[in-house]
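Structural characterization, general
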Amino acid sequence: MFPDAGPDDPTVTAMRARELGRKSVVVGDRVGLVGDTSGAPGALARIVRIAERRSVLRRTAEDDATTAEGRLERVVVANADQLVIVSALADPPPRTGFIDRCLVAAYDADIDPLLCLTKADLAGPEAVLGYYTELELPYVLIRPDSDLAALRALLAGRISVMVGHSGVGKSTLVNRLVPAADRAVGTVSAIGRGRHTSTSAVALRLPPQPDSGTDQDPGWIIDTPGVRSFGLAHVSAESLLHGFSDLVEATVDCPANCQHTADEADCALDAWVAAGKADPRRLASYRRLLASRSGEGDPREPERNPGDPLAGS
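Glancing now at the packing of aromatic side chains. Considering all chains together, one arrives at 3 aromatic pairs under this definition. Consider the rings of tyrosine 131 and tyrosine 132, whose centres lie 4.6 Å apart with planes at 90 degrees: the pair is edge-to-face. Accessibility expressed as a relative area gives 3% for tyrosine 131, which makes it buried. Its relative accessible area of 3% is what places tyrosine 132 among the buried residues. Aromatic side chains phenylalanine 244 and tyrosine 286 sit 5.3 Å apart centroid to centroid with 55 degrees between the ring planes, which places their arrangement in the tilted category. Of the two residues, phenylalanine 244 sits in the loop between α6 (237-240) and α7 (245-248) while tyrosine 286 sits in helix α9 (residues 280-293), which places them 42 residues apart along the sequence. Overall, phenylalanine 244 belongs to the buried group, its relative accessible area being 0%.

Here we come to the side chain of serine 146. Along the chain, serine 146 falls in the loop between β8 (139-141) and α4 (149-155). Accessibility expressed as a relative area gives 12% for serine 146, which makes it buried. In this structure the side chain of serine 146 is engaged in a polar contact, spanning 2.8 Å, whose partner is the backbone oxygen of arginine 143.

Remark: a regular strand shows side chains that alternate across the two faces of the sheet. Most of strand β7 (residues 112-118) is tucked away: 6 of the 7 residues are buried. Examined bridge by bridge, strand β6 (residues 82-88) and β7 share 7 bridges and lie parallel to one another. Opposite valine 84, over in β7, you have leucine 114 as the bridge partner. Each parallel crossover has a hand, and for β6 linked through helix α2 (residues 96-108) to β7 it is right-handed. When β7 meets β8, the two strands line up parallel, connected through 3 bridges. By the bridge assignment for β8, cysteine 116 is matched with valine 140. On the question of chirality, the crossover connecting β7 to the parallel β8 by way of helix α3 (residues 126-131) is right-handed.

Before going further, it helps to spend a moment on the sheet that holds β6. Taken in spatial order, the 6 strands line up as β8-β7-β6-β9-β11-β10 in an open sheet, and their pairing is mixed. Two strands close off the open sheet at either side, each with one partner strand: β8 and β10 (202-205). The average undirected angle you get between the axes of adjacent strands in this sheet is 25 degrees. Here strand β9 (residues 159-163) pairs with strand β11 (residues 220-223) via 4 bridges, running parallel. Residue pairing across strands places valine 161 opposite isoleucine 222, the latter belonging to β11. Set on the sheet, α2 makes contact with β6, β7 and β9; between it and β6 the angle comes to about 175 degrees. Here helix α5 (residues 170-177) sits on the sheet in contact with β6, β7, β9, β10 and β11, set at roughly 150 degrees to β11.

Now for the confidence of the model for the chain. Considering every residue of the chain, the mean pLDDT works out to 86; 85% of them sit at 70 or more. Here residues 299-308 is modelled with pLDDT under 50, and outside its nearest four sequence neighbours on either side it reaches 24 contacts, counting other chains as well.

Spanning 14 residues, α9 covers 20 Å between terminal C-alpha atoms, matching the ideal 20 Å at 1.5 Å per step. Among the 14 residues of α9, 10 are classified as buried, and the element is accordingly described as predominantly covered. Check the buried side of α9 and you find it contacts α2, α3, α6, α7 and α8 (268-274). Positioned one or two residues after α9, glycine 295 has a phi angle of 90 degrees, which is positive.

All right, on to the sheet that holds strand β2 (residues 31-35) then. The mixed open sheet is built from 3 strands, whose spatial order is β1-β3-β2. Every other strand in the sheet has two partners, leaving β1 (14-16) and β2 as the edge strands with one partner each. In this sheet, neighbouring strand axes are inclined to one another by 40 degrees on average, regardless of whether the strands run parallel or antiparallel. Of the strand pairs in this sheet, β1 and strand β3 (residues 45-50) are connected by 3 bridges, and their pairing is parallel.

Thresholds, definitions, all that
- Residues numbered from 1 in each chain as written.
- Predicted model: local features only at pLDDT ≥ 70, side-chain atom pairs only at ≥ 80, totals over all residues.
- Heavy atoms only, no water.
- Phe/Tyr/Trp six-rings, centres within 6.5 Å; stacked < 30°, edge-to-face > 60°.
- Buried < 20%, exposed > 50% of the residue type's maximum accessible area, 1.4 Å probe, protein only.
- Helix = DSSP H or I, 4+ residues; strand = E, 2+ residues; numbered from the N terminus.
- Polar contact = N/O pair within 3.5 Å; in protein donor to acceptor, adjacent residues only side chain to side chain.
- Pairing = 2+ DSSP bridges.
- Right-handed = clockwise from strand over helix to strand, strands pointing away.
- Axes fitted to C-alpha atoms, helices over the stretch in contact; angles between N-to-C directions.
- Contact = heavy atoms within 4.5 Å.
- pLDDT = per-residue confidence, 0-100.
- Expected span 1.5 Å × (residues − 1).

See the structure below:
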């Protein structure tokens, strides 16, 4: 991938050199090429070097590292600056548990998160934004006829990877941002689940906006296949807390070696929530992730907290 490439630069077809061994090349990697880099029909170059990655966004199929699926890490993208979490406000309904997982993965990879709420013509964002009010999480609202100038401004000059459940309108959004992308668009089934339309991650250069009045790089977006779960077995139990910054301060008063689970009688998180300093749903979500790390529960199934109108993971 060439973040500094211009829109008129050729697309080079290349294959990984045997000398790299089992070292994989993923979307977002900066690579060194030899051979024919003209981009002419039939031309083929070789990838002989993979530069050190600035960031690596990973996920696992499951949370439990004791399982084969949990031990298998998948690199989603390399060298991204921003994780754009795409969630519909309706059809299908938002799942804050999934968003929480993406936030944990973003902070673990040292990538800035951006919440992109689609289908804002069908429902308001108050419930979702209220859930994240303590995080000051940046967000944009997207309607079918909305101007994308605010989103383009947040993408400019950055490499942004877009993730989301199938059916949330991610491919539709990508096609609006990059009309030449022609990403396949699916529909939402009667049970509220979208069909997987994107089958592989692809890096797309955002086109320059002639009316922007600036020469700033419009940036890149990396569209990823729709996912039903975002396993976090690769993230340590301690690092899980990074996705819940509204709870971090409370742990200062926890006893040494506190696991922060509901079984910990002296865990300060309960008193913190009882005092109104954090949303109880946030604590429930955090503890659900802790429990799934030990093999309790099924992270692939949607969950709800009692009285919570927002779906879980």
